[in-house]
Amino acid sequence: MISAPSGDGRPPAPDASLPPRPLPVEEPWTAERAVETYRALFRDAPFTIVSNREPWLARRRPDGGMEYVRPAGGLTAALDPVMRAMGGTWIAWGPPAAVSATGADGDALRFRVPPESPAYEVRRVPLSDVEVRNYYHGYANESLWPLCHSILEHVRFRERFWRAYVDVNRRFAEAVLDEAPDPRTLVWIQDYHLALVPELVRARRPDARLAHFWHIPWPSWDLFRVSPNHRELLRGLLANDLLGFHLESFCDNFLRCCEQDLEVLIDWRRRAVVHEGHVTMLRALPISIDADSFHELAGRPDTAERIAELRRRYGLEGRLVGVGADRLDYSKGILERLDALRFLFRRHPELVGRFTFVQIGSPSRVEIAAYAELQQNVEAAVARLNDALATPDWKPVVYVPRGLGQEDLAAFYRMADLAIVSSLQDGMNLVAKEFVAAQVERPGVLCLSEFAGAAEELEHAITVNPFYTEGFAEDLHRALTMPLEEREERMRAMQAILQRGNVYRWIGDVFTAAREALDLGRRRARPRAAAGTVAPTTASSVGGGTATGGGPA
C-alpha cells in the first residue's frame with residue numbers, strides 16, 4: 001500500500017494560509033558576507049569574472065534603445081549580487097550583433113549593470129556564428145562535455161573544433177589582459193569553455209592572480225587520454241593559482257592525469273602541483289544554491305495557488321506526484337528514468353491511476369545531432385509508456401517539453417511526493433538541492449543518482465543506480481511508501497546541509513582558497529622556467545612532506 005498523510009490516501013491540497021516550515025537557523029551566508037570575506041583577504045584588489053555566459057543580456061529595443069535583462073537561475077544569478085556589492089568587470093561571450101550595436105549607455109560591447117543602479121561592467125567578447133558553432137557546440141560540447149562525463153559514444157574531435165577553441169580562448173585572454181591591468185586583480189575563470197585562458201594570460205603576465213572553477217566532472221586518465229589535446233588542456237589549467245572542482249575524486253583524477261602526462265612535482269597531501277616552476281593548488285569546493293531565497297519562493301501563498309492550478313491543468317488532483325526537471329542532455333539519465341518507471345508500474349500495479357510522474361525537459365543544444373536524437377527518443381519513450389498504461393482520466397507520465405520559470409519549478413518541487421535525479425554522471429546537479437530547499441510542508445523524498453556530485457553531500461536522499469533498472473524501480477517504490485516520520489527526518493537533515501553551505505558560502509570558500517593558493521605559491525614556488533623547460537624543484541618546492549610524481553604520500 002502507498003502511505004499517505006491523509007485518511008483517504010489522497011495528498012492534501014496546498015494550504016495558502018500555512019506558513020513555510022523554517023529552515024534550521026544558523027548565521028546566514030549572504031552576498032554581503034561573501035564580499036566581506038573578499039575584502040578581508042584581498043583588501044581593495046579589483047575583481048574580474050570570466051565566463052562563457054553573460055550575467056546580463058543587452059538587447060536592442062524596437063525604438064532603437066537598449067534593454068538589459070538578467071537571465072534566470074544559475075551561477076550568474078548568484079554572482080550578480082556579489083558583483084553589485086563589490087564592483088569589477090565580468091567578461092563573457094557576446095553575439096556578433098554587439099560589434100556595431102550602440103545605445104544610450106554606449107557601445108554594447110561594454111555596458112554597466114544593473115541598469116537602474118550601475119555597479120559593475122560587462123565586457124563582451126563578440127563571436128561569429130561560425131566561431132560559436134565550432135568553439136561552443138563543437139569543442140566544448142561535442143568534445144569536452146561527453147569526455148568529462150565519461151560518455152565516449154558521443155565524443156567527437158575535429159580539427160576545426162580545436163582551432164576555434166584555441167582562437168576563442170586567445171580572445172578571452174586578450175580581454176582579461178585589457179580589462180585587468182592591475183596585477184592585484186583576482187581573475188576568476190569559469191568552466192570547461194576556457195581551459196586555455198590561464199596559460200595565455202600568464203605567458204604575458206607572470207604575476208597574474210588566477211583562479212578557475214571546473215563545473216563538470218574531471219575524468220580518469222584512461223578516459224582523458226582519449227583527447228588528442230590532453231597535454232594542452234592540462235598545461236592551460238596548471239597556469240592557475242587555484243583550480244577548483246566539486247569533488248575530491250575529481251581533484252585526484254586531475255592530479256593523476258598530470259602525473260601521467262607531464263613533468264610535474266605533486267604534493268598529494270596539499271593537493272598541489274609544481275609545473276614549470278609555478279604552483280597550482282587544487283581544492284574540492286562543492287557549489288550550492290541560494291537555499292533561503294528558493295525556500296521563501298516555494299513557501300509563498302501564490303506558489304500554493306499555483307500548485308492548485310498546475311494540479312488541475314495536468315490532471316494531478318488527488319494523486320501522488322513525482323517530478324524530474326532536466327535539460328535534455330544524455331548525461332541526465334532521462335531514458336533510464338523512464339525505463340525504471342515502466343518497471344515500477346509493472347511490478348506495482350496498485351500505482352496505476354494513483355501516481356503520476358511529471359518530466360520537465362528543457363530542449364538543449366539542439367544544433368548537435370546527439371541532442372536532437374535524445375529529444376526524439378524521450379518523446380517516443382513517454383508516448384510508449386502512456387499508450388501502454390493510460391486510462392481515460394490518468395496517464396503515468398506528464399511531459400512538459402520546455403524550460404519553466406523559477407515560480408513554476410518551485411511549485412512542482414513543493415507539490416512533489418518524490419523527485420528523481422538520475423544522472424549517469426554529473427559534476428553536482430543543483431536540481432536536487434532546489435527540490436530540498438522547496439520542501440516547506442509535508443516533505444517529499446529525493447531519489448538521487450549515486451553518480452551525481454550532490455550525492456556526496458545529500459547522503460540522506462535515497463541513492464539510486466540508473467544503470468540497474470529493476471533496483472532503480474524498487475528504490476522509487478520505497479520512496480513512495482516511506483513513512484512520514486522518516487521523510488521528515490531525511491529532509492530536515494538535508495535542509496540543514498543546504499542552510500550551512502549555500503552558494504554564498506561557496507563563493508566565500510573560493511575566495512579563501514584563492515588566498516591560500518597565492519600564499520602557498522609565493523612561499524614555495526621556484527622562479528618560473530623558460531618556455532619548454534622544467535624548473536628544478538624539490539619536495540620543499542610545494543610544502544612539507546613527500547612530494548613526488550608517483551602517487552599519494
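Residues numbered from 1 in each chain as written. Predicted model: local features only at pLDDT ≥ 70, side-chain atom pairs only at ≥ 80, totals over all residues. Heavy atoms only, no water.

Asks: Is there a simple way to explain the overall build of the chain in this structure?
Replies: Counting its secondary structure elements, the chain contains 17 helices and 20 strands. Per-residue burial for the chain yields a buried fraction of 58% across its 553 residues. The contacts of the chain with a sequence gap of at least 6 include a subset with a gap of at least 24, amounting to 76%. Accessible surface computed for the chain: about 21,800 Å², of which carbon and sulfur atoms make up 49%. (Helix = DSSP H or I, 4+ residues; strand = E, 2+ residues; numbered from the N terminus. Buried < 20%, exposed > 50% of the residue type's maximum accessible area, 1.4 Å probe, protein only. Contact = heavy atoms within 4.5 Å. Areas by Shrake-Rupley, 256 points an atom, 1.4 Å probe, with all protein chains shown as cover.)

Asks: Mind showing me how you'd approach the pairing of strand β3 (residues 66–69) here?
Replies: Moving residue by residue along a regular strand, the side chains alternate between the two faces of the sheet. By the alternation rule, side chains of β3 split into Met66 and Tyr68, which are all buried, and Glu67 and Val69, of which none is buried. The pairing of strand β2 (residues 57–60) with β3 spans 4 bridges and is antiparallel. In the strand pairing of β3, alanine 58 is matched with tyrosine 68. In this antiparallel pair of consecutive strands, β2 and β3, the connection spans 5 residues, and glycine 64 shows a positive phi of 95°. (Pairing = 2+ DSSP bridges.)

Asks: Please clarify how the sheet that holds strand β15 (residues 320–327) should be interpreted in this entry.
Replies: In any sheet, the strands associate via hydrogen bonds between backbone groups, in a parallel or an antiparallel arrangement. Sheet architecture is open: 6 strands sit in the order β17-β16-β15-β18-β19-β20, paired in parallel fashion. The two strands at the open ends of the sheet, each matched to only one other strand, are β17 (397–400) and β20 (462–464). The average undirected angle you get between the axes of adjacent strands in this sheet is 20°. Where strand β19 (residues 445–449) meets β20, 3 bridges bridge the pair, whose relative direction is parallel. Looking across to β20, one finds that cysteine 447 is bridged to isoleucine 462. (Axes fitted to C-alpha atoms, helices over the stretch in contact; angles between N-to-C directions.)

Asks: Where do I start with a positive patch on the surface in this structure?
Replies: Together, Arg133, Arg156, Arg158, Arg160 and Arg163 make up a region of like positive charge exposed at the surface. Within the element layout of this structure, arginine 158 appears in the loop between α3 (129–148) and α4 (159–179). (Patch = residues over 30% accessible without salt bridge, like charges linked within 9 Å, V, L, I, M, F, W, Y side chains within 5 Å. Salt bridge = Lys/Arg side-chain N within 4 Å of Asp/Glu carboxyl O. Lys, Arg positive; Asp, Glu negative; His and termini not counted. Charge placed at Lys NZ, Arg CZ, Asp CG, Glu CD.)

Asks: Help me out: how do you make sense of the state of the cysteines in this one?
Replies: Among covalent bonds in proteins, the disulfide is the one between the sulfur atoms of two cysteines. The tally for this structure, following the rule as stated, stands at 0 disulfides. For the unlinked cysteine cysteine 258, the closest cysteine sulfur is that of cysteine 257, found at 7.0 Å. Accessibility expressed as a relative area gives 0% for cysteine 258, which makes it buried. (Disulfide = S-S within 2.5 Å.)

Asks: I'm lost on unusual backbone geometry in this one. Help?
Replies: Negative phi is the rule for most residues except glycine; trans is the rule for most peptide bonds. The linkage connecting valine 113 with the following residue, proline 114, adopts the cis geometry, with an omega of -5°. One can find proline 114 in the loop between β7 (110–113) and β8 (120–126). The residue arginine 365 is not glycine, and still its phi comes out positive at about 50°. Tracing the chain through its elements places arginine 365 in the loop between β16 (355–362) and α12 (369–389).

Asks: How do you make sense of the packing of helix α11 (residues 334–347) against helix α15 (residues 469–480) when you look at a structure like this?
Replies: Helix-helix packing is characterised by the crossing angle of the two axes and by the distance between the axes. At a closest axis distance of 8 Å, the pairing of α11 and α15 adopts a crossing angle of 65°. Judged by the inter-axis angle, α11 sits roughly perpendicular to α15. Of the two elements, α11 crosses α15, and the hand of that crossing is right-handed. Of the residues in α15, those touching α11 at Glu336, Arg337, Asp339, Ala340, Leu341, Phe343, Leu344 and Arg347 are Thr469, Glu470, Phe472, Ala473, Glu474, Leu476, His477 and Leu480. Grouping the constituent residues of the contact of α11 with α15 by class yields 8 nonpolar, 2 polar and 6 charged. (Parallel < 35°, antiparallel > 145°, perpendicular 65-115°, else oblique. Left-handed = near helix turned anticlockwise from the far one by under 90°. Nonpolar A, V, L, I, M, F, W, Y, C, P; charged D, E, K, R; others polar.)

Asks: So what exactly am I meant to see when it comes to the nonpolar core here?
Replies: Taken as a class, soluble globular proteins show a tendency for nonpolar side chains to be buried jointly. Ranked by internal contacts, the top residues of the largest apolar core, which has 96 residues, are Trp218, Phe254 and Phe355. Counting residues per element, this core draws most heavily on α4, at 11 residues. Look past the residues within four positions of tryptophan 218 in its chain and what remains in contact with it is Phe224, Leu234, Leu237, Phe245, Phe250, Asn253, Phe254 and Cys257. Within the second largest apolar cluster, 94 residues are counted, among which are Val113, Phe213, Ile307 and Tyr413. (Core = buried A, V, L, I, M, F, W, Y, C linked by side-chain atoms within 4.5 Å.)

Asks: For this particular structure, what's the right way to read the packing of aromatic side chains?
Replies: Two aromatic rings are characterised by how far apart their centres lie and by the angle between their planes. One pass over the structure, following the stated rule, counts 28 aromatic pairs. Arranged with centres 6.0 Å apart and planes meeting at 45°, the rings of tyrosine 314 and phenylalanine 412 form a pair that is tilted. Taken together, the residues tyrosine 314 in helix α10 (residues 301–314) and phenylalanine 412 in helix α13 (residues 406–415) connect sequence positions 98 residues apart. A relative accessible area of 1% places phenylalanine 412 in the buried class. Members of the aromatic cluster, each reached through a chain of ring pairs, are Tyr38, Phe42, Phe47, Trp188, Phe213, Trp506 and Phe511. Sitting over the ring of phenylalanine 343, arginine 346 keeps its end group 5.0 Å from the ring centre. One cation-aromatic arrangement involves arginine 365 over tryptophan 145; the distance from NZ or CZ to the ring centre is 4.4 Å. (Phe/Tyr/Trp six-rings, centres within 6.5 Å; stacked < 30°, edge-to-face > 60°. Lys NZ or Arg CZ within 6 Å of the ring centre and 35° of its normal.)

Asks: In this structure, what is going on with the environment of valine 82? I would like to understand it.
Replies: With respect to the helices and strands, valine 82 occurs in helix α2 (residues 74–86). For valine 82, a relative accessible area of 1% translates into the label buried. Between the C-alpha atom of valine 82 and that of arginine 33, which follows or precedes it by 49 residues, the distance is 9.2 Å. Excluding residues that lie within four positions of it along the chain, valine 82 makes contacts with Ala31, Ala34, Val35, Tyr504 and Ile507.

That's the geometry; what it means functionally is another story.
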